[in-house]
Amino acid sequence: MLENTDTEEDEAETSRKASEAAEHITSMIITIPHELGLDAQDFRCPMCRKSIGAVFSKFGVCGIDGLYYCADCMRPGGEMPIPSRVLRSWDWKPRPVSDRGRAFIEANQSFCVIALLLQSAMEQEDTPVIRIDQHNPTLYDHVPMLRTMKMLREQLQIASMYLFNCRESIADDFRRRVWPREHLYNDIHAYSISDLLLLHNGQLEKQVRGFLKHAVDHVMHCSLCRQKGFICEICEANEDLLLLHNGQLEKQVRGFLKHAVDHVMHCSLCRQKGFICEICEANEVIYPFETERTYRC
């Protein structure tokens with residue numbers, strides 16, 4: 001009985017520490033740091049405890065935590081975009097960071113995924129993750145690529161439902177393709193630091209479009225998934241009308257027409273079945289399907 005109690009207490013303590021760690025990471029990522037002054041850290045480098053200041057040695061400000069570091073812990077050329085500034089104002093300007101700040105970012109590149117796993121393990125709905133809709137929803141209004149990504153992830157979220165309700169092998173294959181970034185369709189507003197970096201350089205959109213194309217192609221060619229489509233209850237449009245609306249039907253018909261015309265123009269038998277204009281008696285052979293320049297009386 002005592003062993004069970006101790007185990008429960010250990011699990012509760014572990015859960016509490018994990019939650020606190022997640023909250024600290026989230027705060028570091030989403031909050032723009034403010035400088036408190038050298039006196040707030042006793043004129044010492046927070047890493048090596050070396051004395052810094054105008055009297056002692058040179059120092060620099062880390063863009064991650066806003067603390068002052070000595071020259072040894074703030075190496076030249078260590079600039080990088082600051083996640084909090086990206087989240088708040090989509091500011092990707094590289095700024096100096098300390099060795100500790102860089103290590104923090106590198107260790108939490110996939111923090112969103114870690115946080116989601118913690119949420120599943122601890123069964124807590126308030127486990128913090130990097131969420132655009134909570135931390136700065138106005139980014140959707142001012143950043144076109146972020147708005148486009150939201151639309152693509154909404155489509156992927158809906159398309160994935162078809163795959164998960166199809167055969168188990170199809171669902172497993174889709175999970176393997178997306179793993180370990182299930183949040184791309186599970187939570188369309190959740191991002192990790194690496195997601196934002198990939199979004200900024202265009203790689204994330206390519207990846208999501210690839211996942212979406214795979215899902216849509218399956219739905220369009222799967223006899224089970226196609227039966228779960230819908231007909232518009234207002235216009236009752238069928239598939240041909242839908243294709244006509246989005247321009248696909250015209251492309252298909254033009255393709256069929258081109259194939260037929262190319263055959264007629266290059267077939268010795270078909271060319272003999274053309275006509276000569278009875279008015280001008282032009283030597284050029286005309287055909288009834290050339291409706292743009294021939295007319296039937």
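An unreviewed UniProt entry annotates the chain as Rubicon Homology domain-containing protein of Cylicostephanus goldi.

**Student:** Got a minute to help me understand the confidence of the model for the chain in this structure?
**Tutor:** Detailed reading of the predicted coordinates is not advisable wherever pLDDT falls low. On average, residues of the chain carry a pLDDT of 79, and 74% of them reach 70 or more. Mean pLDDT in the chain bottoms out at helix α4 (residues 111-122), which sits at 40, and peaks at helix α8 (residues 168-178), which reaches 94. Note that pLDDT drops below 50 for residues 112-128; the model gives that stretch 29 contacts with residues more than four away or on any other chain.

**Student:** Where do I start with unusual backbone geometry in this structure?
**Tutor:** Peptide bonds are mostly trans, and most non-glycine residues show a negative phi. In this structure, the amide linkage connecting Trp179 to the following residue, Pro180, adopts the cis form with an omega of 5°. Within the secondary structure, Pro180 sits in the loop between α8 and α9 (183-186). The backbone of Phe43 sits at a positive phi, close to 55°, despite the residue not being glycine. Along the polypeptide, Phe43 turns up in the loop between α1 (2-30) and β1 (59-61).

**Student:** I keep staring at the nonpolar core and nothing clicks. Help me out?
**Tutor:** Most often, soluble globular proteins have nonpolar side chains that are buried together. By size, the foremost hydrophobic cluster in this structure holds 52 residues, and its most contacted members are Ile29, Trp90, Leu146 and Tyr191. Both domains that furnish three or more residues to this core are identified here as domain 1 (19-109) and domain 2 (130-229). If we skip the residues at most four places from it in the chain, Trp90 touches Arg85, Leu139, Val143, Met145, Leu146, Leu196 and Leu199.

Rules used in this analysis
Residues numbered from 1 in each chain as written. Predicted model: local features only at pLDDT ≥ 70, side-chain atom pairs only at ≥ 80, totals over all residues. Heavy atoms only, no water. pLDDT = per-residue confidence, 0-100. Helix = DSSP H or I, 4+ residues; strand = E, 2+ residues; numbered from the N terminus. Contact = heavy atoms within 4.5 Å. Core = buried A, V, L, I, M, F, W, Y, C linked by side-chain atoms within 4.5 Å. Buried < 20%, exposed > 50% of the residue type's maximum accessible area, 1.4 Å probe, protein only. Domains from an automatic or database assignment.

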